Amino acid sequence: MTGRTAAIVLAGGRSSRFGRDKLAEPIHGRPMLDHVIERVRTVADDIVVVGPRSALPDLRPDIDVVDDDRPFEGPLAGVSAGLRALDPGVEAVLVVGGDMPTLVGDVLRILADGLARHEAAVLADDGGPRPLPMAVRRSAAAPAAERLLADGERRLRALLEQLDVEVIAPSVWNSADPAGGTLRDVDVPEDLPDEA
């Protein structure tokens, strides 16, 4: 798929399992959220962070922040808010969690490349397809997300069930990320990268 690529960083969770604001948790002296943004910046031209503006660590001025209009209602609501905030001319959109500081840019490129043939792309591991990170075509995902939210749905997997999805096998993406860091998220302090 040609043209600009955007990224939505979901940053609206409560960090309840972590016990404190995990997105502000320092890794090499910088907040975890900064590391996520740095990783997606290698692939995305535009970045939108969706979450409560007042609770987010300070971000660079070129990062758009969108207050989730349905706070704490799940990741699907955050994706929908992010898709509405993007330039309508952007079709390829990566969606990542703000708690995924070990994303690998080359794997995100593989995901985005999946949009040349499908409406969405996700990575699989030994347990099967994972909902994050994902790549979606904005024109297909935005209306599907709105319909699902109107029906009371909040799960990201529900969005994937509405789209034509390419599931990218580990044999395709592991060479770019042998340690599997792209699929790691931080739920509890023990999940922090060793170098934190």
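Reference entry: report on the structure contained in this document. (Residues numbered from 1 in each chain as written. Predicted model: local features only at pLDDT ≥ 70, side-chain atom pairs only at ≥ 80, totals over all residues. Heavy atoms only, no water.)

Side chains that carry opposite charge are capable of pairing whenever their charged atoms lie near each other. For the structure shown, the criterion picks out nine salt bridges. Arg84 serves as the salt-bridge partner of Glu146, at 2.6 Å between the closest nitrogen and oxygen. Of the two residues, Glu146 sits in helix 4 (residues 138–150) while Arg84 sits in helix 2 (residues 75–85), which places them 62 residues apart along the sequence. It is possible to trace a salt-bridge network through shared partners that takes in Arg4, Asp46 and Asp87. (Salt bridge = Lys/Arg side-chain N within 4 Å of Asp/Glu carboxyl O. Helix = DSSP H or I, 4+ residues; strand = E, 2+ residues; numbered from the N terminus.)

With mixed pairing, seven strands are arranged side by side in an open sheet as 5-4-1-6-8-7-9. With one partner strand each, in any of the chains shown, strand 5 (64–66) and strand 9 (165–168) form the two edges of the open sheet. Adjacent strand axes in the sheet meet at a mean angle of 25°, parallel and antiparallel pairs treated alike. As judged from the five bridges shared by strand 1 (residues 5–10) and strand 4 (residues 46–50), these two strands associate in the parallel manner. Across the sheet, the residue bridging to Val9 is Val49, located in strand 4. The sheet strands contacting helix 3 (residues 105–113) are strand 6 (92–97), strand 7 (120–125), strand 8 (128–137) and strand 9, and the helix crosses strand 8 at an angle near 70°. On the sheet, helix 4 packs against strand 6 and strand 8 and is oriented at approximately 110° with respect to strand 8. (Pairing = 2+ DSSP bridges. Axes fitted to C-alpha atoms, helices over the stretch in contact; angles between N-to-C directions. Contact = heavy atoms within 4.5 Å.)

Turning next to the packing of helix 2 against helix 4. Packing of helix 2 against helix 4 brings their axes to within 9 Å, and their N-to-C directions diverge by 135°. One element, helix 2, and the other, helix 4, form an angle in the oblique class. In this structure, helix 2 meets helix 4 at a crossing whose hand is left-handed. Facing helix 2, whose interface residues are Leu76, Ala77, Ser80, Leu83 and Arg84, helix 4 presents Arg138, Ala141, Ala142, Ala145, Glu146, Leu148 and Leu149. Split into classes, the residues belonging to the contact of helix 2 with helix 4 amount to eight nonpolar, one polar and three charged. (Parallel < 35°, antiparallel > 145°, perpendicular 65-115°, else oblique. Left-handed = near helix turned anticlockwise from the far one by under 90°. Nonpolar A, V, L, I, M, F, W, Y, C, P; charged D, E, K, R; others polar.)

So, about the pairing of strand 8. Regular strands place their side chains on alternate faces of the sheet. Taken across its ten residues, strand 8 has seven buried, putting it largely inside the fold. Here strand 6 runs beside strand 8; their pairing, made up of four bridges, is antiparallel. Bridging from a neighbouring strand, Val93 pairs with Val136 of strand 8. Here strand 7 pairs with strand 8 via five bridges, running antiparallel. Looking across to strand 8, one finds that Val122 is bridged to Met134. Here strand 7 folds back onto strand 8 in antiparallel fashion, the turn holding two residues. (Buried < 20%, exposed > 50% of the residue type's maximum accessible area, 1.4 Å probe, protein only.)

What follows concerns the nonpolar core. The nonpolar side chains of a soluble globular protein tend to be buried, and buried together. Counting residues in hydrophobic clusters, the biggest one holds 63 residues, and the most contacted among them are Leu83, Val95 and Val136. For this core, the element with the highest residue contribution is helix 4, accounting for seven residues. Sequence-distant contacts of Val136, defined by excluding residues within four places in its chain, comprise Leu83, Glu91, Ala92, Val93, Val95, Leu115, Glu119, Ala120, Ala141 and Leu163. (Core = buried A, V, L, I, M, F, W, Y, C linked by side-chain atoms within 4.5 Å.)

Of all six residues that make up strand 1, six are buried, and the element is covered over most of its length. Of the two faces of strand 1, both are covered, the one formed by Thr5, Ala7 and Val9 as well as the one formed by Ala6, Ile8 and Leu10. Across six bridges, the pairing between strand 1 and strand 6 is parallel. Residue pairing across strands places Val9 opposite Val96, the latter belonging to strand 6.

This next bit is on the side chain of Asp177. Relative to the elements of secondary structure, Asp177 occurs in the segment after helix 6 (170–173). The charged side chain of Asp177 is buried without a salt bridge, its nearest counter-charge being Arg184 at 6.4 Å. A polar contact is formed between the side chain of Asp177 and the backbone nitrogen of Gly181, at a distance of 3.0 Å. For Asp177, the contacting residues outside a window of four places in its chain are Val104, Val107 and Thr182. (Lys, Arg positive; Asp, Glu negative; His and termini not counted. Polar contact = N/O pair within 3.5 Å; in protein donor to acceptor, adjacent residues only side chain to side chain.)

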